[in-house]
Amino acid sequence: MSVEDALRRLRAARRAVALTGAGVSTASGLPDFRSVGGLWVGVDPMTVASRTALERDPAAFYAFYRGRLARLDGASPNPAHRALVALERAGRLRAVLTQNVDGLHQAAGSAHVVELHGNLREAACIACGGIAPIAALIAPLDAGRLPRCERCGGLLKPNVVLFEDPMPADAWRRAVLEARAADVMLVVGSSLQVTPAAYLPRETLDRGGALVIVNREPTPYDRDAAVVIHGEADRILPAISRGLDGREEAPSGATN
Ligand code: APR
């Protein structure tokens, strides 16, 4: 199937929504999780990105996240992010439901983003739930200390959903509403293997909506999708955006 098939679906869509995963950010230099070179290749996420890891092996936990934060420093939105902004501004996309925590959709200029797995911009206290800028976690780590909450002294973690954590209730509620209301869900750069996020395409399908999947590799939803394009998101999305409205992507450096 081709970009033309995707264009037909999106042109006819009354209420399209995007669901994105780490594959939309690999062109920005951020590794995904399950591809070759991904973060979980040869690494058990339970040992570095779970509540158990934080409590039993804080050194490994913080080393893993300090590495992710360092990579984020040099990352900026790529043409895939900007194409989604152009679709949103052209009234073709209602919202971006993202599993990503890198903030690149917002940095590109997407105004309606639902972060299903939290974000790396903030730190959260595991004891009182207090939120602080991520610098409150980075500075003590770089000084060789454990990051602690100013209010209660509890350990700080990046404000992301760890393995063994529940998804943020408000984000999940919003995402389900958007998925159920969508007549087209544009899935970009996700293996669709991690629940509950991977249930969202089913919410769209069960109400008669259609899936348009843009992913480098096959996903479990390919057989249920109206359109499947296996390829690079940072090439395919600009082609879709160009085909819909002539504008390939939002001007770089766009702000919300
Ligand atoms: N263009 C298109 N697809 C790509 C690109 C690209 N440039 N780069 C990678 N991909 C595809 C990969 O082939 C893979 O199928 O994106 C998908 C990314 O899948 P995962 O690595 O599993 O990432 P994701 O689906 O976002 O993972 C979901 O798992 O561990 C958790 O919290 C983590 O949010 C993450 C969740």
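Just above, that's the structure.
(A) Structural context of the state of the cysteines. Scanning the entire structure with this criterion turns up zero disulfides. Looking at Cys 125, it has no disulfide partner, and the nearest cysteine sulfur is the one in Cys 152, 3.5 Å off. Given a relative accessible area of 5%, Cys 125 falls into the buried group. Cysteine Cys 149 remains unbridged, with the sulfur of Cys 128 as its closest cysteine sulfur at 3.7 Å. Taking the relative accessible area as the measure of exposure, Cys 149 reaches 10% and is therefore buried.

(B) Highlighting the site of the ligand. Neighbouring residues of the ligand: 23 residues in total, closest Phe 33, Arg 34, Trp 40, Ser 190 and Ser 191. Here Thr 26 contributes a side-chain N or O atom positioned 2.9 Å from a nitrogen atom of the ligand. Contact between the ligand and Arg 216: a nitrogen atom at 3.0 Å from a main-chain N or O atom of the residue. Within the complex, 96% of the 730 Å² of free accessible area of the ligand lies under protein. Across the shell around the ligand, the residue classes break down as six nonpolar, 11 polar and six charged. Counting residues domain by domain, the shell around the ligand receives three or more from each of domain 1 (1-30 + 76-117 + 167-256) and domain 2 (31-74 + 119-160).

(C) Just the environment of Ala 182, in detail. Take Ala 182: it is sitting in the loop between α7 (169-181) and β7 (184-188). Ala 182 gets classed as buried once you look at its relative accessible area, which sits at 4%. With 17 residues separating them along the chain, Ala 182 and Tyr 199 place their C-alpha atoms 14 Å apart. Setting aside residues up to four positions removed in sequence, Ala 182 forms contacts with Arg 15, Val 17, Thr 204 and Gly 209.

(D) View of the nonpolar core. Among the nonpolar cores identified, the biggest contains 29 residues, and Trp 40, Phe 61, Tyr 62, Phe 64, Tyr 65, Leu 120 and Leu 137 are the most heavily contacted of them. Contributions of two or more residues to this core are made by α2 (51-56), α3 (58-73), β4 (118-125), α6 (135-142) and β6 (156-160). Ranked by the residues each element gives to this core, the list is headed by α3, at six residues. Three or more residues apiece are contributed to this core by two domains, here domain 1 (1-30 + 76-117 + 167-256) and domain 2 (31-74 + 119-160). Not counting the four nearest positions on each side in its chain, Trp 40 is found in contact with Phe 33, Arg 34, Pro 45, Val 48, Ala 49, Phe 64 and Phe 163.

(E) Spatial organisation of unusual backbone geometry. A cis amide bond links Thr 195 with the next residue in sequence, Pro 196, at an omega value of 0 degrees. Looking at the element boundaries, Pro 196 is found in the loop between β7 and α8 (200-205). With phi around 85 degrees, Glu 164 is a residue other than glycine that occupies positive phi space. A positive phi is found at Leu 192, a non-glycine position, where the angle reads about 50 degrees. If you trace the backbone, Leu 192 turns up in the loop between β7 and α8.

(F) Spotlight on the side chain of Asp 165. Assignment of secondary structure puts Asp 165 in the loop between β6 and α7. Asp 165 gets classed as buried once you look at its relative accessible area, which sits at 18%. Here the side chain of Asp 165 touches Arg 51 through a polar contact of 3.1 Å, side chain to side chain. Ignoring sequence-local partners within four residues, the contact set of Asp 165 consists of Arg 51, Lys 157 and Val 160.

Cut-offs used in this document
- Residues numbered from 1 in each chain as written.
- Predicted model: local features only at pLDDT ≥ 70, side-chain atom pairs only at ≥ 80, totals over all residues.
- Heavy atoms only, no water.
- Disulfide = S-S within 2.5 Å.
- Buried < 20%, exposed > 50% of the residue type's maximum accessible area, 1.4 Å probe, protein only.
- Near = heavy atom within 4 Å.
- Polar contact = N/O pair within 3.5 Å; in protein donor to acceptor, adjacent residues only side chain to side chain.
- Areas by Shrake-Rupley, 256 points an atom, 1.4 Å probe, with all protein chains shown as cover.
- Nonpolar A, V, L, I, M, F, W, Y, C, P; charged D, E, K, R; others polar.
- Domains from an automatic or database assignment.
- Helix = DSSP H or I, 4+ residues; strand = E, 2+ residues; numbered from the N terminus.
- Contact = heavy atoms within 4.5 Å.
- Core = buried A, V, L, I, M, F, W, Y, C linked by side-chain atoms within 4.5 Å.

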